[in-house]
Amino acid sequence: MTSTFSFFKAATRWSKNHKFFLTSFGVLAGGGSSLIYALEQSIHASNDAAHVAKQKWNHNGWFDTLDHASVRRGWEVYKNVCAACHSIEYLAYRELVGVCLTEDEAKAEAAEQMIDDGPDETGAMYKRPGKLSDILPKPYPNEEAGRYANGGAYPPDLTYITQARIDGENYIFALLTGYMDPPAGISLAENQHYNPYFPGGAIGMAQALYDEIIEYGDGTPATQSQCAKDVITFLKWCAEPEHDTRKLFAMKAFTILGVLNLVVWYLHRHYWSVLKSRKILQSPKSLFKK
């Protein structure tokens, strides 16, 4: 209470320039925040794509971790379906060890790929079997080849796709499972397909996931929605491989801070109890006069 009174007492002595500066700063901060929010809402409102439904993801809670069985199945979906067009060029085979594959499995997967390397002692480039230190190979040698193979549309890299799209996981799930026939009055160009969740509705990527398109190694039924859920969980791990570790550290930090807070509270009560509970007796001088 005393500190609050002192603050307001000091504030009365502020110059007019200080008050003007603080008032202007508050107005600008509030106006800027409102403008940013309005612009963001206008972007969403101008988007002609269908509204994306919210899905319940196992990893979205504060203390929830990634479903690692789903991550492993998602790797199977990516390897057998998505890798034909999309790259994950910021992920190395060694990072799959202990997450999606064992070390021997990862070495075998890498060795199946022939990687450009060199130059050798003659100055020539050569190909060699892949190693754990190699990144996952791209499906196309360059962007032009990718566009030529996909009717002018270039398949994006998927390493950080869940972070690069608004409402990441929900949007990708809706996109993968939302293909349909175009409604009356909408015509599509050659090699285009209709998906209401894609801006404009016309998308160059054909529907990739169907029921039983692959067979999971653990026997899970490979429905379209299950495949979409698994590959999105895998891509979430690609974008945030430290996801579980970060939440574990946060839990440890909150636990330690909670204990320290109790210790500080006790010490505060202990050291200040004498001062806060003291009683000051004021005796008039007349009582001491003879």
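Residues numbered from 1 in each chain as written. Predicted model: local features only at pLDDT ≥ 70, side-chain atom pairs only at ≥ 80, totals over all residues. Heavy atoms only, no water.

- An unreviewed UniProt entry lists the protein under the name Cytochrome c domain-containing protein, with Macrosiphum euphorbiae given as the organism.
- Within the UniProt record for the protein, the comment given under Function (unreviewed entry) is "Electron carrier protein. The oxidized form of the cytochrome c heme group can accept an electron from the heme group of the cytochrome c1 subunit of cytochrome reductase. Cytochrome c then transfers this electron to the cytochrome oxidase complex, the final protein carrier in the mitochondrial electron-transport chain." (UniProt positions renumbered as here; feature names shortened; annotations may be inferred.)

## Describing the UniProt feature "transmembrane region" (unreviewed entry) in the protein
Thought 1: Under the UniProt annotation, the feature "transmembrane region" (unreviewed entry) is placed at residues 248-268.
Thought 2: Between the end C-alpha atoms of residues 248-268 there is a gap of 30 Å, over a span that is 100% helix and 0% strand. (Helix = DSSP H or I, 4+ residues; strand = E, 2+ residues; numbered from the N terminus.)

## Some thoughts on the layout of surface pockets
Thought 1: In this structure, the largest pocket occupies an estimated 1100 Å³ of space.
Thought 2: Looking at the lining of the largest pocket, the elements with two or more residues in it are helix 2 (16-46), helix 7 (168-177) and helix 8 (224-239).
Thought 3: Among the elements that make up the lining of the largest pocket, the one with the highest residue count is helix 7 (four residues).
Thought 4: Residues that form the lining of the largest pocket fall into these classes: 28 nonpolar, seven polar and three charged.
Thought 5: Roughly 340 Å³ of volume is contained in the second largest pocket.
Thought 6: Split into classes, the residues belonging to the lining of the second largest pocket amount to seven nonpolar, one polar and four charged. (1 Å grid on protein atoms, 1.4 Å probe; cavity = no way out; pocket = protein on both sides within 12 Å on 5 of 7 lines; lining within 4 Å. Points joined across faces, edges and corners; volume = space filled by probe spheres on them. Nonpolar A, V, L, I, M, F, W, Y, C, P; charged D, E, K, R; others polar.)

## What to know about helix 3 (residues 68-80)
Thought 1: The end-to-end C-alpha separation of helix 3 is 19 Å, in line with the 18 Å expected for 13 residues at 1.5 Å each.
Thought 2: Along helix 3, the positions that sit buried rather than exposed are Ser-70, Val-71, Arg-73, Gly-74, Trp-75, Glu-76, Val-77 and Tyr-78.
Thought 3: One side-chain oxygen of the residue at the start of helix 3 lies 3.3 Å from the amide nitrogen of Ala-69, identifying that residue as Asp-67. (Expected span 1.5 Å × (residues − 1). Buried < 20%, exposed > 50% of the residue type's maximum accessible area, 1.4 Å probe, protein only. Polar contact = N/O pair within 3.5 Å; in protein donor to acceptor, adjacent residues only side chain to side chain.)

## Structural notes on the pattern of salt bridges
Thought 1: Inspection of the entire model under this criterion finds 15 salt bridges.
Thought 2: Where Glu-109 meets Lys-79, a salt bridge forms, and the shortest distance between an N and an O atom there is 2.9 Å. Taken together, the residues span a long stretch of sequence, with Glu-109 in helix 4 (residues 103-111) and Lys-79 in helix 3 at a distance of 30 residues.
Thought 3: Residue Lys-79 is classed as partly exposed on the basis of its relative accessible area of 35%.
Thought 4: For Arg-128, the salt bridge goes to Asp-134, with nearest N and O atoms at 2.9 Å. (Salt bridge = Lys/Arg side-chain N within 4 Å of Asp/Glu carboxyl O.)

## Some points on empty space enclosed by the protein
Once rolled over the atoms, a probe with the size of a water molecule shows which space is left empty.
Thought 1: The full count for this structure, using the stated rule, is one cavity of 30 Å³ or more.
Thought 2: Counted as a void, the largest cavity has a volume near 60 Å³.
Thought 3: Residue lining of the largest cavity: Cys-85, Ser-87, Glu-89, Lys-138, Pro-139, Tyr-140, Tyr-154 and Pro-155, and that is the complete set.
Thought 4: A class-by-class count of the residues in the lining of the largest cavity yields five nonpolar, one polar and two charged.

## Structural notes on the packing of helix 3 against helix 8
Thought 1: Helix 8 packs onto helix 3 with a crossing angle of 100 degrees between their chain directions and a minimal axis gap of 7 Å. Relative to helix 8, helix 3 is oriented roughly perpendicular. Contacts between helix 3 and helix 8 involve Ser-70, Val-71, Arg-73, Gly-74, Trp-75, Val-77 and Tyr-78 from the first element and Gln-226, Cys-227, Lys-229, Asp-230, Val-231, Thr-233, Phe-234 and Trp-237 from the second.
Thought 2: Looking at the contact of helix 3 with helix 8, its residues break down into eight nonpolar, four polar and three charged. (Axes fitted to C-alpha atoms, helices over the stretch in contact; angles between N-to-C directions. Parallel < 35°, antiparallel > 145°, perpendicular 65-115°, else oblique. Contact = heavy atoms within 4.5 Å.)

## Comments concerning the state of the cysteines
Thought 1: Applying the stated criterion to the full structure yields zero disulfides.
Thought 2: Free of any disulfide, Cys-85 has its nearest cysteine sulfur in Cys-82, 8.9 Å distant.
Thought 3: The structure places no disulfide on Cys-238, whose sulfur is separated from the nearest cysteine sulfur, that of Cys-100, by 7.1 Å.
Thought 4: The class of Cys-238 is buried, set by a relative accessible area of 6%. (Disulfide = S-S within 2.5 Å.)

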